[in-house]
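# Structural overview for review
So the chains spell out like this:
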Amino acid sequence: MISVEDWALIRRLVADGVPQRQVARQLGIGRSTVDRALASERPPKYERPVQPTSFSPFEARVRALLAEHPSMPATVIAERVEWSGSITWFRENVRRLRPEHRPVDPADRLTWAAGDAAQCDLWFPPRKIPLEDGTRVLLPVLVIVAAHSRFVTARMIPTRKTEDLLLGHWELIQQLGAVPRRLIWDNESGIGQRGRLAQGVAAFAGTLATKVMQLKPYDPESKGIVERRNGWFETSFMPGRTFTSPADFNAQLQDWLEKANARVVRTTKARPVDLIGHDRARMLPLPPIPLQLGWRERVRLGRDYYVRLDASDYSVEPAAIGRIVDITADLDRVRVRLDGRVVADHARVWARGSTITDPAHVEAAKRLRQQFQQPRTTPVDDLSRDLADYDRAFGIEGVA
């Protein structure tokens, strides 16, 4: 077998008019070798002859199993075909055959029209955040990216429950300044699963005149923009930072996003801050009425004058004991109303199991307790009666 250099030299010499016999004599090779080099369109390549191996008798049965079950583990296949040799060697052969039987799932390159869609996701920073009671927990960050302009908005929220997700949505949409026509989600439980939206999500989307689109399984390309931003947060925003509270995290994140949205995106070759205006112009306008979002409950206030919201207790003005009160909460405040009057207003705590007490409520409860414990004076009825009443009743008035 001649080398690649000799193959190229033979073809060049013959092309220059050198007789084939002379080429063979100069290179010390046979005429037939020169003929084969001229007839071959590809450089010579050594290929070892295919020899049967210990795997060869099992290959047909392995292919049959892979054709029916493309994802079957190699160890299970080895058991089914009664393989007794090296499992490493068996795995290598299964790895070679598996792509021939695995179904192909091509990924299209998607284009995003201005104003059409925003991709949404929850990102969990790989660092625990200190809370009010001194504990440290991992908290979710709601991320919404305008697909056309790549403009990023994000905020840490207390929970991944529907109430907090919708509150976060509304805050970030207000930062965008308009409503994307589609909000693209995966199967997040607080938004909906298996094609069914969670309670309250449909009303939220209807008020905004937008559509919440849930992706089918195994469709990461349709949410790839926000997924890449999540990875960007971990490699560019998180390193070297410390956080004292969720509020501190959000403040640092907002400062960083102002700089991040001013950087040129490789795929669009433009800055998101320059494209968001065009994107916003094609979006839907914000609704003219305020949205009724957040936590809403109606309970009868018990004797301990506390109400519970998201596993934490908040004190209420004790005068409302035994009455029906309305509890509302957003991402920052918890308020309790009695017949429209505010009887409690607290900053919302993110630490579960906390008890938040207003000293004024404790003082009011103390006064009411003292009034209740004081003995009550019972008025004595006057049992005397004018005897003339009986005379008149029996019609004997004036009789001696």
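Residues numbered from 1 in each chain as written. Predicted model: local features only at pLDDT ≥ 70, side-chain atom pairs only at ≥ 80, totals over all residues. Heavy atoms only, no water.

## Comments concerning the overall build of the protein
Selection criterion: Numbered from the N terminus, helices here are DSSP runs of H or I no shorter than four residues, and strands are runs of E no shorter than two. A radius of gyration in this sense is built from C-alpha atoms; the matching globule rule multiplies 2.2 Å by the number of residues raised to 0.38. A simple rule labels every residue: compare its accessible area, found with a 1.4 Å probe on the protein chains alone, to the largest value its type can have, and call it buried under 20%, exposed over 50%, or partly exposed in between.
Summing up its helical and strand segments, the protein has 13 helices and 16 strands in all. Taken over C-alpha atoms, the radius of gyration comes to 39 Å for the protein, far larger than the 21 Å a tight globule of 400 residues would show. If one aligns the C-alpha atoms of the protein with their principal axes, the spans along those axes are about 170 × 60 × 45 Å. A buried classification covers 38% of the 400 residues belonging to the protein.

## Focus: the side chain of Arg348
Rule in force here: Identification of polar contacts relies on pairs of N or O atoms within 3.5 Å, with a donor-acceptor requirement for protein atoms, meaning one able to donate a hydrogen and the other able to accept it, and with residues adjacent in sequence counted only if both atoms are side-chain atoms. A contact between two residues is defined here by any heavy atoms of the two lying within 4.5 Å.
Within the secondary structure, Arg348 is located in the loop between strand E15 (341-347) and strand E16 (355-356). For Arg348, the side chain forms a polar contact with the side chain of Asp164, separated by 2.8 Å. Among residues more than four places away in sequence, those in contact with Arg348 are Glu132, Pro158, Asp164, Trp295, Asp310, Tyr314, Asp330, Leu331, Asp332, Arg333 and Val334.

## Observations concerning the environment of Leu165
In this structure, Leu165 sits in helix H7 (residues 162-176). Once residues within four sequence positions are removed from consideration, Leu165 is found in contact with Leu122, Leu142, Ile157, Arg160, Trp185, Glu188, Gly190 and Ile191.

## Description of the packing of helix H1 (residues 4-15) against helix H2 (residues 20-27)
Rules: To define axes, lines are fitted to C-alpha atoms, for helices over the stretch in contact only, and angles between the resulting N-to-C directions are given on a 0 to 180 degree scale. Should the near helix be turned anticlockwise from the far one by less than a right angle, the crossing is left-handed, and should it be turned clockwise, the crossing is right-handed.
One can describe the packing of H1 onto H2 by two numbers: an axis separation of 10 Å at closest approach and a directional angle of 145°. Both H1 and H2 take part in a crossing whose hand is right-handed. Every residue of H2 that contacts H1 at Leu9, Ile10, Leu13 and Val14 is listed here: Gln20, Val23, Gln26 and Leu27.

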